[in-house]
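Inside the fold
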Amino acid sequence: MTGRVVDIKRLAVHDGPGIRTTLFLKGCPLRCAWCHNPESISPKPEIGFLARKCIGCRACVEACPAGVHSVRDGLHALDRARCTACGACVEACLPGALEYYGREVTVDAAVEAVLEDRNFYVHSGGGCTLSGGEPLGQAGFCAALLERLREQGVHCAIDTCGAAAWQAFEAVLPHTDLFLYDVKHTDEQRHEEWTGSSNRQILGNLERLAQRGVPIEIRVPVIPGFNADAESLVAIGTWLGRLANVSAVRLLPYHSLARSKYEAVGRPDTLPDVPAPSPDQMRAAAALLTELGLEIA
């Protein structure tokens, strides 16, 4: 069995307890305006172009069998409509201006990659986190990988937006120690306007997950103009207060540092043109949720 992986991040410290290895899987059903990983949205392989690294050497032009690349007056162009994501150009690009997003990785290879960092997990209480994109879009691969890792004593976490069939959760539940679960808004219309999807399935899955006894850390992206206001935060906190097994709530401040990623994969930049929440705003948000009885991570 294989999975489609965008990246493997080692020595991660924000994706669960301890030092972790995080696998970012390809494909996500949501279209969040503030998405920081646009290269993981499409389930299909993609070629990313990093203009700042290009030296105009034309190696990609010569390597590509489909004639996707061209260099005119020192400027690189990429015809994505003709690209088959074969990866030949990426292999030929010595300065690293081209990246391949979505390589097929076997369960055996993924296990081997994760276990290379075993010593860090042992000494820090860390482990492996599957993120994305939405990892539960590849639930079979996730379940097979996590089962193998748990057999090796590795702590396993899944970072999910919750937009998946409940059967996907059931597939991974026996092999998952912790869920990192995104809650963006409780208002369905507001959620759909900013993510392209209703939140009914997301909140329904969270309710069912909370009844299964597995620890859950809630992740709330704090986006000015969307959910950073007191009314939205109180609504989120009140809703979460009804759930069991929520170990903590982690507030994630919005930033727009991912703009170059949109250009790299040829996607329109949808990042909101708003300032990042200030430290005072983040402290106020944390205080609101603390008053509602929630523990802030």
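Check the entry above for the structure.
Residues numbered from 1 in each chain as written. Predicted model: local features only at pLDDT ≥ 70, side-chain atom pairs only at ≥ 80, totals over all residues. Heavy atoms only, no water.

1. What about the overall build of the protein chain?
- In terms of helices and strands, the protein chain carries 11 helices and 12 strands.
- Compactness check: the protein chain gives a C-alpha radius of gyration of 20 Å against a globular reference of 19 Å for 297 residues, within 12% of the reference.
- Taking the principal axes of its C-alpha atoms as reference, the protein chain extends roughly 60 × 45 × 35 Å.
- When the 297 residues of the protein chain are sorted by exposure, 48% land in the buried category.
- Residue pairs in contact within the protein chain that sit at least 24 positions apart in sequence constitute 69% of those at least 6 positions apart.
- Summed over all atoms, the accessible surface of the protein chain reaches about 13,700 Å², with 51% contributed by carbon and sulfur.
- Considering the protein chain, the positive charge centre built from 29 side chains and the negative charge centre built from 35 side chains are found 3 Å apart. (Helix = DSSP H or I, 4+ residues; strand = E, 2+ residues; numbered from the N terminus. Rg over C-alpha atoms; globule rule 2.2 N^0.38 Å. Buried < 20%, exposed > 50% of the residue type's maximum accessible area, 1.4 Å probe, protein only. Contact = heavy atoms within 4.5 Å. Areas by Shrake-Rupley, 256 points an atom, 1.4 Å probe, with all protein chains shown as cover. Lys, Arg positive; Asp, Glu negative; His and termini not counted. Charge placed at Lys NZ, Arg CZ, Asp CG, Glu CD.)

2. Details of the packing of aromatic side chains
- Going through the model one piece at a time under the given rule, you end up with 6 aromatic pairs.
- Centroid distance F169 to F179: 6.0 Å. Interplanar angle 35°. Geometry classified as tilted. A residue pair is termed long-range when its members are at least 10 positions apart, and F169 in helix α6 (residues 166-172) and F179 in strand β10 (residues 178-182) qualify at 10 residues. Of the two residues examined, F169 and F179, each falls in the buried class. (Phe/Tyr/Trp six-rings, centres within 6.5 Å; stacked < 30°, edge-to-face > 60°.)

3. Regarding empty space enclosed by the protein
- If you walk through the whole model with that rule in mind, you get 2 cavities of 30 Å³ or more.
- Taken as a whole, the largest cavity encloses approximately 90 Å³ of empty space.
- What lines the largest cavity is a set of 15 residues, and nearest its centre among them are C54, C57, C60, C93 and A97.
- Per-class residue counts for the lining of the largest cavity are 12 nonpolar, 2 polar and 1 charged.
- Its volume calculated, the second largest cavity comes out at about 80 Å³.
- I47, C64, A66, V68, H69, C83, T84, A85, C86, G87, A88 and C89 are the residues that line the second largest cavity.
- The residue inventory of the lining of the second largest cavity, partitioned by class, reads 9 nonpolar, 3 polar and no charged. (1 Å grid on protein atoms, 1.4 Å probe; cavity = no way out; pocket = protein on both sides within 12 Å on 5 of 7 lines; lining within 4 Å. Points joined across faces, edges and corners; volume = space filled by probe spheres on them. Nonpolar A, V, L, I, M, F, W, Y, C, P; charged D, E, K, R; others polar.)

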